[in-house]
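Chain by chain, the residues:
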Amino acid sequence: MLKKNIFYLLILLLLVGIMAACSGEEVTQGEENDEESSEEQEQEQSNNDGDEASEPSSDEPQEMIFASISDPVGLSPIETWDTVSDQPINQMYERLFVKDPDTNEFIPHLATGYDNPDDLTWVFQLREGVEFHDGTPFNAEAVKYTFEKLRDPDTAAPGAHIISFMDEIEVLGEHEIKITTKEPNPNVLTILHNRTTAIISPTADENQNLMQEPVGTGPFKFESWVQGDRVVMVKNENYWGEPAKLDKITFVTVPEQSTAISMLETGEVQLIDGIQAEHIGRLEAMNGVDLLQRQATAVYFYAFNMKKQPMDELEFRQAVAYALDIDSYINVLGGTGFESHSLFGPAVVGYDESIEDFGYPYDPDKARELVEEHGYGDYELTLYTSDRGAYMTMSDIAQAQLEEVGLNVQIQMLEWGTMLDVTSQGEQDMFVLGSSNSMNGLETAYGYFHSDSVGVNNRSQYSNPEFDAIIDEARRELDDEKRQELLNQAHQQIIEEAFIVPMHHAVATLAHSESLEGVILAPELIIDLSEAYRK
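Conventions used here
Residues numbered from 1 in each chain as written. Predicted model: local features only at pLDDT ≥ 70, side-chain atom pairs only at ≥ 80, totals over all residues. Heavy atoms only, no water. Core = buried A, V, L, I, M, F, W, Y, C linked by side-chain atoms within 4.5 Å. Buried < 20%, exposed > 50% of the residue type's maximum accessible area, 1.4 Å probe, protein only. Helix = DSSP H or I, 4+ residues; strand = E, 2+ residues; numbered from the N terminus. Contact = heavy atoms within 4.5 Å. Axes fitted to C-alpha atoms, helices over the stretch in contact; angles between N-to-C directions. Parallel < 35°, antiparallel > 145°, perpendicular 65-115°, else oblique. Left-handed = near helix turned anticlockwise from the far one by under 90°. Nonpolar A, V, L, I, M, F, W, Y, C, P; charged D, E, K, R; others polar. Pairing = 2+ DSSP bridges. 1 Å grid on protein atoms, 1.4 Å probe; cavity = no way out; pocket = protein on both sides within 12 Å on 5 of 7 lines; lining within 4 Å. Points joined across faces, edges and corners; volume = space filled by probe spheres on them.

(A) Layout of the nonpolar core. Within the largest apolar cluster, 133 residues are counted, with the highest numbers of intra-cluster contacts made by Leu96, Phe124, Phe147 and Tyr302. The element contributing the most residues to this core is strand β12 (residues 289-304), with nine residues. In this view, leucine 96 contacts Ile107, Pro108, His109, Leu110, Ala111, Leu126, Phe138, Val143, Phe147, Leu192 and Ile199; residues no more than four positions away in its chain are not counted. By size, the runner-up hydrophobic cluster in this structure holds 16 residues, among which are Met263, Ile272, Leu283 and Met286.

Rendered as structure tokens:
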């Protein structure tokens, strides 16, 4: 397989070279299409590396350590909604469906199939012979329990809004469940592949705190968590599918990425992600280290609490949009991000390039004019940000550029979990954050700006019945073309009225030891270690 892929790759490169020569144009890595192609080839090569040595080394301990900048908020899929927590959760929990990262096709996982007899009815057949890590059988009752827990207001789940479409959940048999929706919904499978819908053990949930002691059905099971230090999980020997090759995974919290890179270089850790631009050159020069990149779905943005003055004024938000020099900011990212005016970019289902026409160009004179005309310089404003590297860079650059047009902005730095808590409650004036866009553009727009999500993921505190109506109609529209038209209408409003100012869209970047194979990097920035091993 590897030889065949290399053969095709060489042919492709030869053809590209011929076309470039014939056209008289140089093919450069900086061009968007070539960058995307390079990332896809690198991802394919990374996946194929396992074909050369398909078995783990008998001399190498089948253990690995993953260094993360931040500590997880918790380890329950129901009670978390952030990519830091998702990394360990993804190894221990599973959903009814997964998505192929390259084709976006939904593949049955804990489900084996489904029927959709009418617009409101979904019947799912479930996998037999599956047990949770505590020995509890996986069945329709467990699925019903999970979804009921997720949507229970007493749970206060940050992702509860995504299953608000469910009207009734009915057990038809040991391994068959029926979901009746309130209205037609085109995104049922999209939602059921989201990590917050991962199925939990009802027995464990009734007897312990899953935020501290998780119990799923995945290829790895929880062993211990020392908060602020490490999460340890071990191979699930009773896994229903292909067993994991690693015996043990440890997620360690290393707040300084330079320290994590040094640990990778010395072999203390085998994997790090979220690589910042200033470290790319250092990693590329390292022996025994592979750098993996692919265009991702995630977006990082500057945002506003629209319940406070002057953030509730369009002219103020426009002043900020005009003041931010995105081009110079992108250059600082050194290939780890790209520019797009959209809330959800080209890698996300629902993206339409027409949205690019509605963004704001860099115009500091116009920004300064708006600031002076409306007296915005008289406000003392606070920008909330997290202690994670990308957000610190965004905040520092934004603060400097906003001060140049006369705004008075102070940065409030918070620990990751605290940042999520206080911004959901609307304590901030402005904030920088991001979205993994883990489902599709419609669900992102719904989760971040619909009134249903105020106090949870709608950190802008935005509430507008007219906007809600557009999103609601789109979420029940089964015709793809009509749904896209409605989504474009909502998306245009998000950008034109500057609900957010997109700073960059991510190029997912991780580095791992050459001794570690089989790492799968999804566009949503989530890593799958089910096929990983040490060679």
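(B) Expanded view of the packing of helix α14 (residues 441-449) against helix α16 (residues 480-496). Running from N to C, α14 and α16 cross one another at 40 degrees; their axes reach a closest spacing of 10 Å. By the angle class used here, α14 and α16 are oblique. Relative to α16, the crossing made by α14 is left-handed. Residues Gly441, Leu442, Ala445 and Phe449 of α14 touch α16, and the partners they reach there are Arg483, Leu487 and Ile494. Along the lines of polarity and charge, the residues of the contact of α14 with α16 split into five nonpolar, one polar and one charged.

(C) Summary view of the pairing of strand β5 (residues 121-126). For β5, a buried count of five out of six residues is recorded, marking the element as mostly surrounded by other parts of the structure. Where strand β4 (residues 111-118) and β5 come together, five bridges link them in antiparallel fashion. Each bridged residue has a counterpart across the sheet, and for glycine 113 the counterpart in β5 is glutamine 125. The antiparallel pairing of β4 with β5 creates a hairpin that spans two residues between the two strands. With five bridges joining them, β5 and strand β7 (residues 176-181) adopt antiparallel strand pairing. Along β7, the bridge assignment pairs phenylalanine 124 with isoleucine 177.

(D) Representation of the environment of glycine 518 in the model. Mapped onto the elements of the fold, glycine 518 is located in the loop between β18 (516-517) and β19 (520-521). C-alpha of glycine 518 to C-alpha of serine 530: the two residues are twelve residues apart in sequence and 8.2 Å apart in space. Other than its neighbours up to four places away in sequence, glycine 518 contacts Asp528, Glu531 and Ala532.

(E) Focus on the pairing of strand β6 (residues 166-173). One ladder, built from six bridges, connects β6 with β7; its direction is antiparallel. Note on β7: the bridge partner recorded for glycine 173 is glutamate 176.

(F) Molecular detail of empty space enclosed by the protein. In the structure shown here, the tally under the stated rule is three cavities of 30 Å³ or more. Size it by volume and the largest cavity reaches roughly 120 Å³. For the largest cavity, the full set of lining residues is Ala321, Ile326, Glu339, Ser340, His341, Gly359, Tyr360, Ile495, Ala498, Ile500, Val501 and Pro502. For the lining of the largest cavity, the element with the most residues is strand β17 (residues 500-513), which contributes three residues. Residue composition of the lining of the largest cavity, grouped by class: eight nonpolar, three polar and one charged. Taken as a whole, the second largest cavity holds about 50 Å³ of empty space. Taken together, Phe301, Ala303, Phe431, Leu433, Tyr448, Phe449, Asn457, Arg459, Ser460 and Ile500 make up the lining of the second largest cavity. Among the secondary structure elements, those contributing two or more residues to the lining of the second largest cavity are β12, β16 (430-435) and α14. Looking at the lining of the second largest cavity residue by residue, the class counts come to seven nonpolar, two polar and one charged.

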